[in-house]
There are 2 protein chains.
Amino acid sequence: MLTLNLPDPQSKPRIVVIGGGFAGLNFVHQLDTTRYQVVLLDRHNYHTFAPLLYQVATAGLEAPDICGPLRKSFRRKHDFHFRMLQVHGIDPATRLVHTAAGAIPYDHLVLATGTRANFFGNQNIQAHTLPLKTVPDARRLRNHIFQTLERADLTDDPEERKRLMTFIIVGGGPSGVELAGALSELRKHVLAHDYPDTPMDQLRFILVEGEGELLSSFSDKSSREAYRNLEEMGIELKFGMLMTDYDGRVATFKDGTTLSSSTVIWGAGVTGEIIEGLKSDSVLKARYVIDDHLRVAGYENVYALGDVALLTNDEWPRGHPGVAQVAIQMGKRLAKNFNAIARDRPTTAFRYRDKGNLAIIGRNRAVADLPPNLHFSGVPAWFVWAFVHIFYLIGFRNRLFTFLSWVGNYVTYNRAVRLVLEPTLEEELREGEERFSVIDRR
Amino acid sequence: MLTLNLPDPQSKPRIVVIGGGFAGLNFVHQLDTTRYQVVLLDRHNYHTFAPLLYQVATAGLEAPDICGPLRKSFRRKHDFHFRMLQVHGIDPATRLVHTAAGAIPYDHLVLATGTRANFFGNQNIQAHTLPLKTVPDARRLRNHIFQTLERADLTDDPEERKRLMTFIIVGGGPSGVELAGALSELRKHVLAHDYPDTPMDQLRFILVEGEGELLSSFSDKSSREAYRNLEEMGIELKFGMLMTDYDGRVATFKDGTTLSSSTVIWGAGVTGEIIEGLKSDSVLKARYVIDDHLRVAGYENVYALGDVALLTNDEWPRGHPGVAQVAIQMGKRLAKNFNAIARDRPTTAFRYRDKGNLAIIGRNRAVADLPPNLHFSGVPAWFVWAFVHIFYLIGFRNRLFTFLSWVGNYVTYNRAVRLVLEPTLEEELREGEERFSVIDRR
């Protein structure tokens, strides 16, 4: 069996971390690597600031503004080793992680793999809708949005134009709400001017939510405020509607309703990224069951952090929310406990400190819930949001550039990023060519 | 036959422009659209500042820094109509341009299609080398560079590592020279720190030129200066070598030499983007033959501009150089002549005003030839270059951001853009999986 090329950890224990999201990043950052060797694996060579993916999708920011190269983040970290690899399986008996480039022996294993979009087994929906979980997703969505509008500009068939100009967003959580708000601003400040030959007032953004309210994890006040804002911004809001099918042209709902649309953005739910190899009773509802020391049930040296971990207690009987703050705090807690063990000091149980919820809806429109019982909206919420987000972005360049991009967008509404970088329009047109009577080429 | 959906030009003549490069952009900008309707076609929805593509390829800048969305550039232009389309053919007899979305009637046709990489009919070279002519090319090259280094970090086979760490640049023109310089700086300031487990001193950059010198269109002084600089920066320079084959692993040269390399960047030449439909005697060496009024030989109402046009005279017996300045000046000249005709004023023959040649090689290393006979290098040349390039970038955001990116790079050597956004590493590893003995997954 081939073992991956890595320096010998000498007498130190080796900790292998799978996933460079908020949990993995904060774990590595906090870990004392004079006492442990740390190997970080991720299929991408960058960390994604996921809460801003919708900005990349709507041409407000470009990918590097919300990504931090992992090698650069830990350039000065002692005994840190990054490998860009996807993990194929874990073998807890032999303490090995398996990848296409070889196996990696571990002393401790930290699972911080996060989640992926949940299509609930519906293959049509998976094949034709656009999720927004990764940077490639965000860029694919942006390409699709601008290409669909270019295509609408080319047609004079009113039915086809209507279909091309109808965008459905599935899911009324923070990312659905933020995306809907950003699309509405894009329509008002950019699209209405860029497409003089297409009736942009026919552009429809429909947000479809299966339950009865937006932002169900927020306070009722914030939820109502979000509703009022989106309605004012011309977003069509539909509740209690479950999409059962989508073929790329027509969306079908459980009540039999159909909607003709070329674009369905899928944000209806997520599911944990579970790696094969652990006992089945350590996994519940696609999450690793962990104790208050973040240890996976049934294992001494396997830990899980963030969205893929399921930690229940009296305060959080259904588990902790899948937000960045939980992942950050878990990552730090686990590293501090490792550092304590290395110094023969006592470890501390994880306890989540809720810092509140924030969502931005548009220019001067935002909602914020701060514990224990503070809710605000409008300009003050927007500033809190902007500050918090910029503060957590990795690295000076990202903070500065994101800030400048935002200021630039707010002053000029200048979506300079609206480039179709992977055009497929020609292919689509070729496929539909029989509908046109193009003369033979000589 | 379906005609593309476009507003009726009323009594005004319609000018169709194919290509939104330097020539097309400057033509549209200068044209008086109260006298003409203008339709611009491009397969991309943005203009590319091509002289900076190598910066995108080496993670110094991101695509939006060097791209201007075409709709935005002409948002305030009267009677301007952009359509994102590739042209399939021209029919000068019926005065129609054919696209997949329908035909477009024209009164005047402006061909500004530019060039594409010339592989001289070698299909292996075309399939396996990486050109650098478009933004997608630049991003593909960047992905490839960083992924190849990640891969080198995964192997412990010395032969494979050597192959992965050998980069060949074919062509010693400005883009090859600038790219080689940028790669050398990337090695010194970024890669040497980012890959502690890989011997980055084994990284080889080999510039291969078929003729006897670098920058053959520059003065001898600048050419020698470029040679000296690249050699100091650790670029291996090979002259008089013609690549005859490349299979993705081994490059073969005319003299029988071979070089093992995973990366060949192809900049050995370009050829005009000729659209089918014109008489064969109006095309010579893949360029449209034009007169001093930029009119294609044999046609009254068809014009060609920039790199795809061939205009010979006493001063330029072999045609004008394929540089941005020629394209810009041709675009402006033709538009001014159209404007003159609309006002019954005399037209003016095109005359190229040579503004000189500039190439940047690295930090404080640049060469410049200014007419009639001024050559300088080093810091002053670098400042001239930076000023000229920023000056010509479209739009405030691009100028400001490019400038800030540069300043940021110069101060911090912070290549924040080094993201592998389209990873294919896993696929490659899977293909090579038989070489590893990965255990079966359970």
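Going by the structure above, here's the rest.
Residues numbered from 1 in each chain as written. Chains lettered and ligands numbered in written order. Predicted model: local features only at pLDDT ≥ 70, side-chain atom pairs only at ≥ 80, totals over all residues. Heavy atoms only, no water.

Trainee: Before we go on, may I ask you to explain the side chain of Arg 187 of chain A in this structure?
Mentor: All names here are of chain A. As for its placement among the helices and strands, Arg 187 is situated in helix α7 (residues 174-194). Buried charge without a salt bridge: Arg 187, with Glu 236 as the nearest opposite-charge side chain at an N-O distance of 6.7 Å. Excluding anything up to four places from it in sequence, Arg 187 contacts Ala 192, Met 200, Leu 203, Phe 205, Met 233 and Gly 234. (Helix = DSSP H or I, 4+ residues; strand = E, 2+ residues; numbered from the N terminus. Buried < 20%, exposed > 50% of the residue type's maximum accessible area, 1.4 Å probe, protein only. Lys, Arg positive; Asp, Glu negative; His and termini not counted. Salt bridge = Lys/Arg side-chain N within 4 Å of Asp/Glu carboxyl O. Contact = heavy atoms within 4.5 Å.)

Trainee: I'm lost on the side chain of Thr 148 of chain A in this one. Help?
Mentor: Residues and elements named next belong to chain A. As for its placement among the helices and strands, Thr 148 is situated in helix α5 (residues 135-154). Thr 148 gets classed as buried once you look at its relative accessible area, which sits at 6%. Separated by 2.6 Å, the side chain of Thr 148 and the backbone oxygen of His 144 make a polar contact. Each residue touching Thr 148, except ones within four places of it in the same chain, is listed here: Leu 164, Phe 167, Ser 262 and Thr 263. (Polar contact = N/O pair within 3.5 Å; in protein donor to acceptor, adjacent residues only side chain to side chain.)

Trainee: Even after reading the chapter, I still don't get helix α10 (residues 324-342) of chain B, so can you show me in this structure?
Mentor: Owing to its 3.6 residues per turn, the α-helix aligns residues three or four sequence positions apart on the same side. Residue and element names in this part refer to chain B. Here α10 contains 19 residues, and its C-alpha end-to-end distance of 27 Å stays within 8% of the 27 Å for a straight helix at 1.5 Å per residue. The buried fraction of α10 is high, at 14 of 19 residues. One or two steps after α10, the chain reaches Asp 344, where phi turns positive at roughly 60 degrees. (Expected span 1.5 Å × (residues − 1).)

Trainee: Sorry, what's going on with the packing of helix α6 (residues 135-154) of chain B against helix α8 (residues 174-194) of chain B here?
Mentor: For any two helices packed against each other, the geometry comes down to the angle between their axes and how far apart the axes lie. All names here are of chain B. It is at 14 Å that the axes of α6 and α8 come closest, and there the two elements cross at 40 degrees. For the element pair α6 / α8, the angle class is oblique. The hand of the α6/α8 crossing is right-handed. Note on element contacts: α8 touches α6 through Leu 179, Leu 183, Leu 186 and Leu 191, opposite Leu 141, Ile 145, Phe 146 and Leu 149. Considered class by class, the residues forming the contact of α6 with α8 number 8 nonpolar, no polar and no charged. (Axes fitted to C-alpha atoms, helices over the stretch in contact; angles between N-to-C directions. Parallel < 35°, antiparallel > 145°, perpendicular 65-115°, else oblique. Left-handed = near helix turned anticlockwise from the far one by under 90°. Nonpolar A, V, L, I, M, F, W, Y, C, P; charged D, E, K, R; others polar.)

Trainee: Can you help me understand the pairing of strand β7 (residues 96-99) of chain A in this one?
Mentor: Neither face of β7 of chain A is exposed, since Leu 96 and His 98 of chain A on one face and Val 97 and Thr 99 of chain A on the opposite face are all buried. Two successive antiparallel strands, strand β6 (residues 87-91) of chain A and β7 of chain A, enclose a turn made up of 4 residues, where Arg 95 of chain A displays a positive phi of approximately 55 degrees. (Pairing = 2+ DSSP bridges.)

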